[in-house]
Amino acid sequence: MIAKKGDWVQIQKTLLKPEERTAPLPEDTKKVPLQMRVKGFLINETAQIGDEVEIETLIGRRVSGKLVSINPKYDHDFGEPVPELITIGIELRKILEGDSDA
Amino acid sequence: MRDLSYDAVIARKNEIMKRAVGIDYEKYMIGELVFDYEKMMQEVGYSLEKVREIQQETGVGNTTLVELKQINRLIKKIAPKGKGARIFIKDEATNPSGSYKDRRASVSVYHAQKHGYKGVIAATSGNYGAAVASQAAKRGLKCIIAQECYDSRWIGQPEILEKARSCEAYGAEVVQLTVGPELFYYTLVLLEETGFFNASLYTPYAIAGVETLGYEIAIQTKEMTGKYPDAVVITHAGGGILTGTARGLKKAGAVDTQIIGASVNLKGLHMASDNDFNKKYFTTGHTGFGIPFATFPDRSDVPKNAARALRYMDRYLLVSQGEVFYVTEMLAQLEGMQRGPAGNTSLAAAFALALEMDDDKVIVVNETEYTGAGKLPSAQLTFARKMGMEIKRGDPIKEDLPGKRIVIPEHPSQIGYIEFNMEDIRKSYVKEVMKRYKKTKFTKDEVSFMAEDTNTTEDKIKEYIKELGGELIEA
Ligand SMILES: Cc1ncc(COP(=O)(O)O)c(C=O)c1O
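Residues numbered from 1 in each chain as written. Chains lettered and ligands numbered in written order. Predicted model: local features only at pLDDT ≥ 70, side-chain atom pairs only at ≥ 80, totals over all residues. Heavy atoms only, no water.

## Observations regarding the overall build of chain B
Part 1 of the reasoning: Assigned secondary structure in chain B consists of 19 helices and 15 strands.
Part 2 of the reasoning: For 475 residues, the compact-globule estimate of 2.2 N^0.38 gives 23 Å, and the C-alpha radius of gyration of chain B, at 21 Å, lies within 12% of that figure.
Part 3 of the reasoning: C-alpha extents for chain B along the principal axes are approximately 65 × 55 × 45 Å.
Part 4 of the reasoning: Per element, the accessible surface of chain B, about 16,400 Å² overall, is 48% carbon and sulfur.
Part 5 of the reasoning: If you average the places of the 63 positive and of the 63 negative side-chain charges in chain B, the two averages end up 2 Å apart. (Helix = DSSP H or I, 4+ residues; strand = E, 2+ residues; numbered from the N terminus. Rg over C-alpha atoms; globule rule 2.2 N^0.38 Å. Areas by Shrake-Rupley, 256 points an atom, 1.4 Å probe, with all protein chains shown as cover. Lys, Arg positive; Asp, Glu negative; His and termini not counted. Charge placed at Lys NZ, Arg CZ, Asp CG, Glu CD.)

So this is what it looks like as structure tokens:
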């Protein structure tokens, strides 16, 4: 897919490489870089995923980084029905309706 | 070119923060440890009347206090004879961005506008981001929210992804980072680059904004029940909601109300660990923030934190993730209120408390928050299962195992709490002071400050100092 100037995109940038992470950190976190993702409107004429690009964010700040997504989707959702939860309402109503020996 | 290495930016911290919050903390410092908290709150914050006015301008506050009638019936049914306190809940989800955090953001954004800042920045993975973004929209300021959001494999915590969506809906730029305390480092970089105001969660502005919550609770409870609440149960993380609510209650005259903090127990999970990041199904109101912030509030981004929970907390109760999910279902199914997650942590603790308290007592849960995609128990438990957690019905008090197993109660009588001993927390506070300030010798003034800061006696503080191997300098 090719992104064009003005498209809504997401970029990624490494802020600190593992060896630059000098804050006190647990071992697992120390081994990986500190990275950032930001969204904005593409400034380059065209670009492909993986290209170094520049964007303008919602408040007009310019940021550069590697293009990772074009028209990025919100993919968090409501989840699946959870068997451990879906009977709770019925159980509680039964206690309310029934005798106190529930 | 500015040097953007971690050490160089942290070295510029004081000058960056001074410009970005505009508070001269030096004025209130008496020594490195001792400072005049009340003077700072009075001079820097705004009066309760002024805060109410500021909040009125943007439609914040004056939320409904709701009696949980069906849940209260359930409590009476399963409680021993003569027990079963009534629970009321403050429906903070009806604030503009969906949580009490609008109160917390309102004064900072007002202040930033008044002082000519072009925009505001907040470092937060929580509801506070949406609140700052919403208040900034209302006042025509730009807004950047920086969040800790993903692990190193780019797996995002669904609740934080939802909060990012919400911020963007209000026109804010959202900077999403991978796991690590360097969120603070990068916030400094952004503050320096933009010259925006730091809408920190921990300034006197932020806490003054929350005082109206406690104030309204006192007034409304009295109207509805004829007395001030016997107890207010408050979900505790960084301590701002507890501090602000307690101060507001006192300002309204509710001085005998018990202040009870409640957190989700996430014992054993490291907050800065990349591996542990997605093993937590609550992103706030848990022990990972609650204990460190109570025992050393000055770990925050400002020199002196205005959120000081131990000054006000009478008891601290821990509940499990499974109990909170259960109570979230209960609130939706019995009260017709789909809310959560954070406020329901204190609701779980309140439910357990109500079963033990006399039936003429009144408990107030001080907040709800908006819910939906990413935030619902179904979203979090689906995610938990994907991350390999075991999920089962059972006895949460006996079987809960943070990071491995989530246990949903089989019956409401299984909702309980683990009481955290306040003496242990206060002693940890003294231990942290010794560690952070590399101190072993304490003057009379320091002892007296620590007693005030933890709401205990000087004798107790002296006892802890001695037990921890410190010494007293007798003046
Ligand atoms: C809705 C809600 N309730 C409670 C809390 C806990 O507040 P505090 O961090 O001030 O303890 C938070 C945020 O962390 C929150 O977003």
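From this point, the narrative continues.
## Concerning the overall build of chain A
Part 1 of the reasoning: If you tally the helices and strands in chain A, you get three helices and six strands.
Part 2 of the reasoning: In chain A, the succession of helices and strands from N to C terminus is β-β-α-β-β-β-β-α-α.
Part 3 of the reasoning: By its C-alpha atoms, chain A is 70 × 40 × 25 Å across when sized along the principal axes.
Part 4 of the reasoning: Counting every position in chain A, which comprises 102 residues, the buried fraction comes to 43%.
Part 5 of the reasoning: Restricting the contact set of chain A to residue pairs at least 6 apart, pairs at least 24 apart contribute 50%.
Part 6 of the reasoning: Here chain A displays about 5,700 Å² of accessible surface, and carbon together with sulfur accounts for 51% of that area.
Part 7 of the reasoning: Taking the 15 positively charged and 18 negatively charged side chains of chain A as two groups, their mean positions are separated by 9 Å. (Buried < 20%, exposed > 50% of the residue type's maximum accessible area, 1.4 Å probe, protein only. Contact = heavy atoms within 4.5 Å.)

## Describing the sheet that holds strand β9 (residues 315-319) of chain B
Residue and element names in this part refer to chain B.
Part 1 of the reasoning: Spatial strand order, β1-β2-β10-β7-β8-β9-β13: seven strands in an open sheet with mixed pairing. If you trace the sheet from one side to the other, it starts and ends with β1 (65-67) and β13 (418-420), each paired once. Neighbour-to-neighbour, the strand axes of this sheet turn through a mean angle of 30°, independent of strand direction.
Part 2 of the reasoning: Here strand β7 (residues 231-235) pairs with strand β8 (residues 258-264) via five bridges, running parallel. Within β8, the position partnered with A231 by the bridge is Q258.
Part 3 of the reasoning: Sheet strands touched by helix α12 (residues 287-295): β8, β9 and β13. Its angle to β9, the strand with the most contacts, is close to 160°. (Pairing = 2+ DSSP bridges. Axes fitted to C-alpha atoms, helices over the stretch in contact; angles between N-to-C directions.)

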